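Below, each chain spelled out in residue letters.
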Amino acid sequence: MAKKVALITGITGQDGSFLAEFLIKKGYEVHGLMRRSSSFNTGRIEHLYLDEWVRDMKKARLVNLHWADMTDSSSLIRIIGEVKPTEIYNLAAQSHVKVSFDVPEYTADTDALGVLRLLEAVRICGLEKSCRVYQASTSELYGKVQEVPQKETTPFYPRSPYGVAKLYGFWIIRNYRESYQMFACNGILFNHESERRGETFVTRKITLAACRIAAGYQDKLYLGNLNALRDWGYAKDYVECMWLILQQPEPDDFVIATGEYHTVREFCTLAFHHVGIELEWKGEGVNEQGIDKATGRVLVEVDPKYFRPSEVDQLLGDPAKAKEKLGWNPRKTSFEDLVKLMVEHDKRFVKKLYLRSKEED
């Protein structure tokens, strides 16, 4: 049997790095796309990609990286034509919801038209019958939710430029599946976090702040909507579900979620608990504060600048279809274990930064 070849867009991100590790263990030849910039962004995959070392030691490379961009059709056509992947995982996106209000045009170009460019590149290269395509869709499609929990059949109502762009991506995948009989699927991923999450995302912002505050390097944490309810899972568990979706006999779309949700306030309380600080909450709305029970010190405050122009209040996914058809376990890692895992990582991260700064002094 010929070796499977996977192409991962967004390989340097949280999901891309976990997926690359997963597919390498499965025996895949793994390729990834990187956007060109003046600085490298390979921190999450350095253990897989050490170009000069690999070349000098004459070892097989675990992952092959290629310069490309979702806004540049020619680069996508060239690389897909060269690599001839059997599976493509499109994880590339401008994925920060709040930022999408600031850069709506770029978000649309990357997250909407980027999917179209990718599908067309597969067709132009004559791979539409041999290459399976996974599209990373999002729970932000549901936005102003029409039912709770949200299923594959729940009507969409996106509430951000990011959600609207992803909605185009969702439907163009379906359109190409039906029009050209391509094996193209959507995974509607609800919030999935990890120790590799970017520091500007609210969960990592919280765990890092808790560790810095406990170590005396930060005074206070500022957050937006504390009442927002999210279905949080572990990214490492979710990439397994992405792979399972492309192994099915027929293409289909799936909700990937835990079926359990928590407020931002709960996430914050648990994160501080794991660094030895017990919070109590006082006040309401923009005046709400998280106070250290032991000292009476205010550690968490609300800052309206973090509110979205149109808020998404509650996202709760129904993973029943993925459990039944894919045999996937949506609660392999519990909410409590996820928060603890992130905090333990950030304790080490903060300590390492402190030791480095001491050496530099």
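Residues numbered from 1 in each chain as written. Predicted model: local features only at pLDDT ≥ 70, side-chain atom pairs only at ≥ 80, totals over all residues. Heavy atoms only, no water.

## What about the packing of helix H6 (residues 113-124) against helix H7 (residues 161-180)?
Turning to step 1, where the next piece is worked out: Close contact between H6 and H7 brings their axes to 8 Å; oriented N to C, the two are set at 25°. Taken as axis vectors, H6 and H7 run roughly parallel relative to one another. As H6 runs across H7, the sense of the crossing is right-handed. Each of Leu113, Val115, Leu116, Leu119, Glu120 and Arg123 in H6 lies in contact with H7, whose residues at this interface are Tyr168, Gly169, Ile172, Ile173, Tyr176 and Tyr180.
Turning to step 2, where the next piece is worked out: Residue composition of the contact of H6 with H7, by class: nine nonpolar, one polar and two charged. (Axes fitted to C-alpha atoms, helices over the stretch in contact; angles between N-to-C directions. Helix = DSSP H or I, 4+ residues; strand = E, 2+ residues; numbered from the N terminus. Parallel < 35°, antiparallel > 145°, perpendicular 65-115°, else oblique. Left-handed = near helix turned anticlockwise from the far one by under 90°. Contact = heavy atoms within 4.5 Å. Nonpolar A, V, L, I, M, F, W, Y, C, P; charged D, E, K, R; others polar.)

## Looking at the pattern of salt bridges
Turning to step 1, where the next piece is worked out: Using the criterion set out here, one finds 16 salt bridges in the structure.
Turning to step 2, where the next piece is worked out: A salt bridge links glutamate 344 to lysine 347; the nearest nitrogen and oxygen atoms lie 3.2 Å apart. Of this pair, glutamate 344 and lysine 347 are both found in helix H12 (residues 335-360), three residues apart, which corresponds to roughly one turn of the helix.
Turning to step 3, where the next piece is worked out: Each of Arg174, Arg177 and Asp253 takes part in salt bridges that share partners, so that together they form one network. (Salt bridge = Lys/Arg side-chain N within 4 Å of Asp/Glu carboxyl O.)

## Structural notes on helix H1 (residues 14-25)
Side chains that are three or four residues apart share a direction in an α-helix, a result of its 3.6 residues per turn.
Turning to step 1, where the next piece is worked out: With 12 residues, H1 extends 17 Å between its outermost C-alpha atoms, agreeing within 8% with the 16 Å of an ideal straight helix rising 1.5 Å per residue.
Turning to step 2, where the next piece is worked out: Counted residue by residue, H1 has 10 buried out of 12 residues, so it is predominantly covered.
Turning to step 3, where the next piece is worked out: Inspection of H1 places Gln14, Asp15, Gly16, Ser17, Phe18, Leu19, Ala20, Glu21, Phe22 and Leu23 among the buried residues, and these make up the whole buried set.
Turning to step 4, where the next piece is worked out: Where H1 terminates, the next one or two residues include glycine 27, which has phi positive at roughly 90°. (Expected span 1.5 Å × (residues − 1). Buried < 20%, exposed > 50% of the residue type's maximum accessible area, 1.4 Å probe, protein only.)

## Description of the nonpolar core
Generally speaking, a soluble globular protein has its nonpolar side chains buried in company with each other.
Turning to step 1, where the next piece is worked out: One finds Leu23, Tyr89, Tyr134, Leu221 and Phe272 to be the most contacted residues of the largest nonpolar core, which totals 64 residues.
Turning to step 2, where the next piece is worked out: It is helix H9 (residues 235-245) that provides the largest number of residues to this core, a total of eight residues.
Turning to step 3, where the next piece is worked out: Those residues in contact with tyrosine 89 that sit more than four places away from it in its chain are Ala6, Leu7, Ile8, Thr9, Leu19, Leu23, Tyr134, Met242, Trp243, Leu246 and Gln247.
Turning to step 4, where the next piece is worked out: Core analysis: the next-biggest nonpolar cluster, separate from the first, contains 24 residues, Leu7, Leu76, Leu118 and Ala184 among them. (Core = buried A, V, L, I, M, F, W, Y, C linked by side-chain atoms within 4.5 Å.)

## Details of the pairing of strand S15 (residues 298-302)
Turning to step 1, where the next piece is worked out: In the sheet, strand S8 (residues 221-223) pairs with S15 via three bridges, with the strands oriented parallel. What sits directly across from leucine 221, in S15, is valine 300.
Turning to step 2, where the next piece is worked out: In this structure, strand S14 (residues 289-292) lies alongside S15, joined through three bridges in antiparallel fashion. Each bridged residue has a counterpart across the sheet, and for isoleucine 291 the counterpart in S15 is valine 298.
Turning to step 3, where the next piece is worked out: Hairpin connection of S14 to S15: five residues between the antiparallel strands, including glycine 296 at a positive phi of 80°. (Pairing = 2+ DSSP bridges.)

## Here we look at the sheet that holds strand S13 (residues 279-282)
Turning to step 1, where the next piece is worked out: Taken together, four strands build an open sheet; the order of strands is S8-S15-S14-S13 and the sheet is mixed. Edge positions in the sheet fall to S8 and S13, since each of these pairs with one other strand and no more. Recorded for the sheet is a direction-independent mean angle of 20° between the axes of neighbouring strands.
Turning to step 2, where the next piece is worked out: Pairing geometry for S13 and S14, over four bridges, is antiparallel.

## Here we look at the pairing of strand S1 (residues 5-9)
Turning to step 1, where the next piece is worked out: Buried residues dominate S1, accounting for five of its five residues.
Turning to step 2, where the next piece is worked out: Bridge count between S1 and strand S2 (residues 29-34): five bridges; the pairing is parallel. Opposite leucine 7, over in S2, you have histidine 31 as the bridge partner.
Turning to step 3, where the next piece is worked out: Assessed by its sense of winding, the connection that carries the chain from S1 through H1 to S2 is right-handed. (Right-handed = clockwise from strand over helix to strand, strands pointing away.)

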